[in-house]
Amino acid sequence: MTSREVILREIGLTPIWVNRAPVVEATTAEIHVSTTAVAAAESPEPLSEPKQSTAERESDIAKLSWEALVASIASCTACKLCETRTNTVPGVGDRSPAWMVVGEAPGENEDKSGEPFVGKAGQLLDAMLAAVGKKRGDGVYIANVIKCRPPGNRNPEPDEIAACAPYLDRQIALAQPKLILASGKFAAQTLLKSDDTVGAMRALPAASAQRAGLPIVVTYHPSYLLRSPLEKAKAWDDLMKAKALVA
Ligand code: URA
């Protein structure tokens, strides 16, 4: 038995297949290199960058500029929604707004276009804003709690909300709106860190309805208002309250 065969047998790489080409005796050093390469190729652990901790990720996002934030959202893989999205939907509008509207998550139309609230709910939101002299893009910034579409328009899941939360926090910090209109249960619960109903959160005193020191007005989501038009009167009250707050 050659020295090569002895070494290969010792490390469990036998039987040795006979090469049709003339066999050239390998040195021990060559054998070491080739078996190391085989081991590396078969290694179940792919070499990858060490994973960033949640705290490191949050701290990095908290320093981003608007442009870097949009780029970070576009390449985000922090939750499973990245596997099914067509486009990320970071937000749209005036980046130094008086009002920041926060909705739930992109739907099918928003996933296609990359812009929030462009479907039927968006048309109603635009009409509500117009009724109080506001317009998307002009003194108004619109974002969602979640930046990627949940498949089939299902509700966002807690891990998805948690993964996206640093982006919304950074948007609020950069925009510094005079008030935040929390549109629907998910926006209000996320912003107020609450499990209450929209009805209960709408009734909160101004001192308790705040995020990062900014006033929050809770209102019904336009999709809900499309299904329950009689509630539009309450949404109108909320808009009046918001208008009075920043007047
Ligand atoms: N509903 C939302 O909450 N956000 C959108 O962008 C569209 C529909």
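Everything in this summary refers to the structure shown in the same document.

Focus: the packing of aromatic side chains
Evaluated as defined, the whole model comprises two aromatic pairs. Ring geometry for W66 against Y141: centres 5.1 Å apart, planes inclined by 45°, an arrangement best described as tilted. Of this pair, W66 sits in helix 4 (residues 66-74) while Y141 sits in strand 3 (residues 140-144), placing them 75 residues apart in sequence. Residue W66 shares its accessibility class with Y141, and that shared class is buried.

Some details on the environment of D138
Here D138 lies in the loop between helix 6 (120-131) and strand 3. Owing to a relative accessible area of 55%, D138 belongs among the exposed residues under this scheme.

A closer look at the nonpolar core
Formed by 54 residues in total, the largest nonpolar core has its most connected members in W99 and M100. Examining the composition of this core, we find that seven residues originate from one element, helix 7 (residues 158-175), more than from any other.

Regarding the pattern of salt bridges
Inspection of the entire model under this criterion finds 13 salt bridges. Of the charged contacts, one joins E160 and K80 as a salt bridge, the two residues approaching to 3.0 Å between their closest N and O atoms. Taken together, the residues E160 in helix 7 and K80 in the loop between helix 4 and strand 1 (92-93) connect sequence positions 80 residues apart. Bridged by salt links that share partners, the residues K80, R154, E157, D159 and E160 form one connected network.

Concerning the packing of helix 4 against helix 7
Between helix 4 and helix 7, the least distance of the axes is 11 Å, while the angle of their chain directions is 165°. By the angle class used here, helix 4 and helix 7 are roughly antiparallel. As for the relative orientation of helix 4 and helix 7, their crossing is left-handed in sense. Contacts between helix 4 and helix 7 involve W66, L69, S72 and I73 on the former and, on the latter, Y167, R170, Q171, L174 and A175. Looking at the contact of helix 4 with helix 7 residue by residue, the class counts come to six nonpolar, two polar and one charged.

Considering the environment of L181
Here L181 is to be found in strand 4 (residues 179-183). With a relative accessible area of 2%, L181 lands in the buried category. Remark: the alpha-carbon pair of L181 and L239, spanning 58 residues in sequence, is separated by 8.6 Å. Those residues within four positions of L181 in sequence are excluded, and the remaining contacts are W99, M100, V101, V102, V217, T219 and L239.

Quick look at the sheet that holds strand 2 (residues 99-103)
The strands making up a sheet associate through hydrogen bonds between their backbones, and the pairing can be parallel or antiparallel. Strand order across the open sheet formed by six strands is 1-3-2-4-6-5, with mixed pairing between neighbours. Edge strands, defined here as strands with exactly one partner in the open sheet, are strand 1 and strand 5 (210-211). The strands that helix 7 touches are strand 2, strand 3, strand 4, strand 5 and strand 6 (214-219); relative to strand 2, the one it contacts most, it runs at about 170°. Along the sheet, helix 8 (residues 185-192) contacts strand 2, strand 4, strand 5 and strand 6; its crossing angle with strand 4, the most-contacted strand, is approximately 135°.

Thresholds, definitions, all that
- Residues numbered from 1 in each chain as written.
- Predicted model: local features only at pLDDT ≥ 70, side-chain atom pairs only at ≥ 80, totals over all residues.
- Heavy atoms only, no water.
- Phe/Tyr/Trp six-rings, centres within 6.5 Å; stacked < 30°, edge-to-face > 60°.
- Helix = DSSP H or I, 4+ residues; strand = E, 2+ residues; numbered from the N terminus.
- Buried < 20%, exposed > 50% of the residue type's maximum accessible area, 1.4 Å probe, protein only.
- Core = buried A, V, L, I, M, F, W, Y, C linked by side-chain atoms within 4.5 Å.
- Salt bridge = Lys/Arg side-chain N within 4 Å of Asp/Glu carboxyl O.
- Axes fitted to C-alpha atoms, helices over the stretch in contact; angles between N-to-C directions.
- Parallel < 35°, antiparallel > 145°, perpendicular 65-115°, else oblique.
- Left-handed = near helix turned anticlockwise from the far one by under 90°.
- Contact = heavy atoms within 4.5 Å.
- Nonpolar A, V, L, I, M, F, W, Y, C, P; charged D, E, K, R; others polar.
- Pairing = 2+ DSSP bridges.

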